[in-house]
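Report on the structure
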Amino acid sequence: MMRKLMIITILLFGFLDGNAQAKEDLISKDSLDKIFSGLIDANGPGTGILILGNSNKVLYKAGFGYADIEHKRKADANTQFNIGSISKSFTALAVMQLVEKGKLSVSDTVGKFFPGFPKGDKITIFQLLTHTSGLSDAANQSHWVEGAGLKEIENLPENYFHQFLIVSAEGFLTTEGVFEIMRTQPEFSFEPGAEGKWQYSNRGYVLLAKIIEKVTGMDFRDYMRQNVFIPAGMKNTFIHGGIMERESEINNYAACYIPSGGTWRKVFNQIPSTVGDGNVYTTLNDWILYEKCLNGEIPKVIGRNSLNELFKGQVKTFQSPSGHYGFGWFTNEVPGMGSVIYHSGRTISVDAFRTKASKENLTIVIFSTTTPYTALIQNFWQYLFRNGIVAM
């Protein structure tokens, strides 16, 4: 999947030839509306699409379908979408905030915060950030949530279930549940920091959230709200880590649906999950503010040096010859284009994607509760090619 994603990204940005402003002017909202409307069921689950140009100028912003089909609530730029694993970028940003404040170092070991943790004297924060700790998501994959009717879902890959849906006392796996599994039933794919080894690990980012809680003495969601979302002006962004326990925050969320018998079936009002590795809900309008943070325009949230660390290719991922992972972001150096910085997010009925060609400052963001972002990106590129915007 990641290799295919990288190929699509390169194709998408291949039309840029240094005259970015002229290209921006050729991106027609009416034409893009027509393309995306043809791919997204107007009466189906919601999708939000955002395209930004130089200086985060909004080139395109639109919502399609319904945030809530039953209540006929349309998706728009203020709909709160679950962005899946793109949430990891926020966790990494929070870690670097604490590094800036001198409260931790990326060289700190897990054992410093949780004595007795398996291989805790070897696992470092750097390894957790870059997926080089060896912590595996494979353990306990078979424990599905019976009560949620998940085994009835049609055409859903089994790998969607991994660590997210292990049964806990509440019926769903919690952050504490994952931490307990890592502590008492550890599974490693390789030794922490082993040379030439890399494996994507959701659990590593759950552990980072636990470390942030340990260092700050705050609930992870509260820390993120007070130190990231509010300072950035992201008033409609929140982290959901339980079952509707903060209903006041989720007044405009995009419900999750799966196809069932020719119609759409709501899976959960909110997908229960852990924090740190996913489960950030945000809007297109809030995401514009986040891009300003990532561009260094809101230094009270994070400084330039820390941003450089987030986006720097810290370790090789082996997804492509030049593929690397920074802190919460994939990076790829493309000749003539500079760094392409991207991440996807996927869980039950959630398909999200953000990519940016740094040299040309063109960013594409897709949040969806049903439509695969790969199809949307491919069709956008085809539009650019057919209309002479793409230079092959």
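Everything here concerns the structure above.
Residues numbered from 1 in each chain as written. Predicted model: local features only at pLDDT ≥ 70, side-chain atom pairs only at ≥ 80, totals over all residues. Heavy atoms only, no water.

**Thoughts on the overall build of the protein**
We apply this condition: Secondary structure elements are defined from DSSP: runs of H or I of at least 4 residues count as helices, runs of E of at least 2 residues count as strands, and each element is numbered from the N terminus. In what follows, residue pairs with any heavy atoms lying within 4.5 Å of each other are defined as contacts. Throughout, the Shrake-Rupley method with a 1.4 Å probe supplies accessible areas, and for residues the shown protein chains are the sole cover considered.
Across its full length, the protein holds 12 helices and 15 strands. The long-range share in the protein, meaning contacts at least 24 apart out of those at least 6 apart in sequence, stands at 67%. When the accessible surface of the protein is summed, it comes to about 15200 Å², and 50% of that surface belongs to carbon and sulfur atoms.

**Some words on the pairing of strand β14 (residues 350-357)**
Across a regular strand the side chains alternate sides, sitting on one face of the sheet and then on the other. Here is the rule: Think of it in three bands: with a 1.4 Å probe and only protein chains considered, a residue is buried below 20% of the maximum accessible area for its type, exposed above 50%, and partly exposed in between. At least two DSSP bridges between two strands are needed for those strands to be called paired.
For β14, the tally of buried residues reaches eight of eight residues, placing the bulk of the element in the interior. Burial along β14 is two-sided: Val350, Ala352, Arg354 and Lys356 and Asp351, Phe353, Thr355 and Ala357, pointing in opposite directions, are all buried. As defined by bridge partners, strand β13 (residues 338-347) adjoins β14 across eight bridges and the pair is classed as antiparallel. In the sheet register, valine 340 faces β14, and the bridge partner there is alanine 357. Here β13 folds back onto β14, and the loop between the two strands holds two residues, one of which, serine 349, carries a positive phi near 60°.

**Quick word on the packing of helix α4 (residues 88-100) against helix α11 (residues 304-311)**
When two helices pack together, their arrangement is given by the angle between their axes and by how far apart the axes lie. Heads up, the rule is: Think of each axis as a best-fit line through the C-alpha atoms, taken over the contacting stretch in the case of a helix, with angles from 0 to 180 degrees between the N-to-C directions. Any angle between 65 and 115 degrees counts as roughly perpendicular, while under 35 counts as roughly parallel, over 145 as roughly antiparallel, and the rest as oblique. Throughout, a crossing is termed right-handed when the near helix is turned clockwise from the far one, and left-handed when it is turned anticlockwise from it by less than a right angle. Residue classes follow a fixed rule: Ala, Val, Leu, Ile, Met, Phe, Trp, Tyr, Cys and Pro count as nonpolar, while Asp, Glu, Lys and Arg count as charged, and any other residue, Gly among them, counts as polar.
α11 packs onto α4 with a crossing angle of 140° between their chain directions and a minimal axis gap of 10 Å. What the angle tells us is that α4 and α11 run oblique. Handedness of the crossing formed by α4 with α11: right-handed. The residues of α11 that touch α4, namely those facing Ala92, Leu93, Met96 and Glu100, are Ser306, Glu309 and Leu310. Per-class residue counts for the contact of α4 with α11 are four nonpolar, one polar and two charged.

**So, the sheet that holds strand β5 (residues 81-82)**
With antiparallel pairing, three strands are arranged side by side in an open sheet as β5-β9-β6. Since the sheet does not close on itself, it has two edges, and those belong to β5 and β6 (238-239), each with one partner. By the bridge criterion, two bridges tie β6 to strand β9 (residues 280-282) in an arrangement that is antiparallel. Each residue of the ladder has a partner; that of isoleucine 239, found in β9, is valine 280.

**Details of helix α3 (residues 29-37)**
Convention followed: The directions considered for the arc are those from the helix axis to the C-beta atoms.
Among all positions in α3, only Leu32, Asp33, Ile35 and Phe36 are buried. Looking down the long axis of α3, one finds its buried residues gathered within 165° of arc, a one-sided arrangement. Exposed residues lying more than 90 degrees from the buried face of α3 are Asp30 and Lys34.

**Side note on the side chain of threonine 124**
Mapped onto the secondary structure, threonine 124 falls in the loop between α5 (110-113) and α6 (125-130). The buried category is assigned to threonine 124, whose relative accessible area is 14%. Here threonine 124 is in contact with Val106, Ser107, Asp108 and Thr109, once residues within four sequence places are set aside.

**A look at the environment of phenylalanine 64**
Tracing the backbone through its elements, the reader meets phenylalanine 64 in strand β2 (residues 58-64). Among residues more than four places away in sequence, those in contact with phenylalanine 64 are Asp33, Phe36, Ser37, Ile40, Pro45, Gly46, Thr47, Ile49 and Ala75.

**A few points about the pattern of salt bridges**
Just so we agree on the cut-off: For this document, the term salt bridge refers to a Lys or Arg side-chain nitrogen within 4 Å of an Asp or Glu carboxyl oxygen.
Using the criterion set out here, one finds 16 salt bridges in the structure. Between arginine 73 and aspartate 68 there is a salt bridge, and its shortest N-O distance comes to 3.9 Å. Note that aspartate 222 and arginine 225 form a salt bridge whose closest N and O atoms lie 2.7 Å from each other. Of this pair, aspartate 222 and arginine 225 both sit in helix α9 (residues 220-232), separated by three residues, roughly a single helical turn. Its relative accessible area of 22% is what places aspartate 222 among the partly exposed residues. Residues joined in a network through salt bridges with shared partners are Asp68, Glu70, Arg73 and Lys266.

**Some thoughts on the nonpolar core**
What counts, and what does not: In this text, buried Ala, Val, Leu, Ile, Met, Phe, Trp, Tyr and Cys residues form a nonpolar core when linked through side-chain atoms within 4.5 Å.
Counting residues in hydrophobic clusters, the biggest one holds 71 residues, and the most contacted among them are Phe90, Leu207, Ile211, Met224, Trp287, Tyr290 and Leu310. For leucine 310, the contacting residues outside a window of four places in its chain are Ala92, Leu93, Met96, Ile302, Gly326, Phe327 and Trp329. In terms of nonpolar packing, the next biggest core, distinct from the first, is built from 13 residues, Ile40, Tyr60, Ala62 and Phe64 among them.

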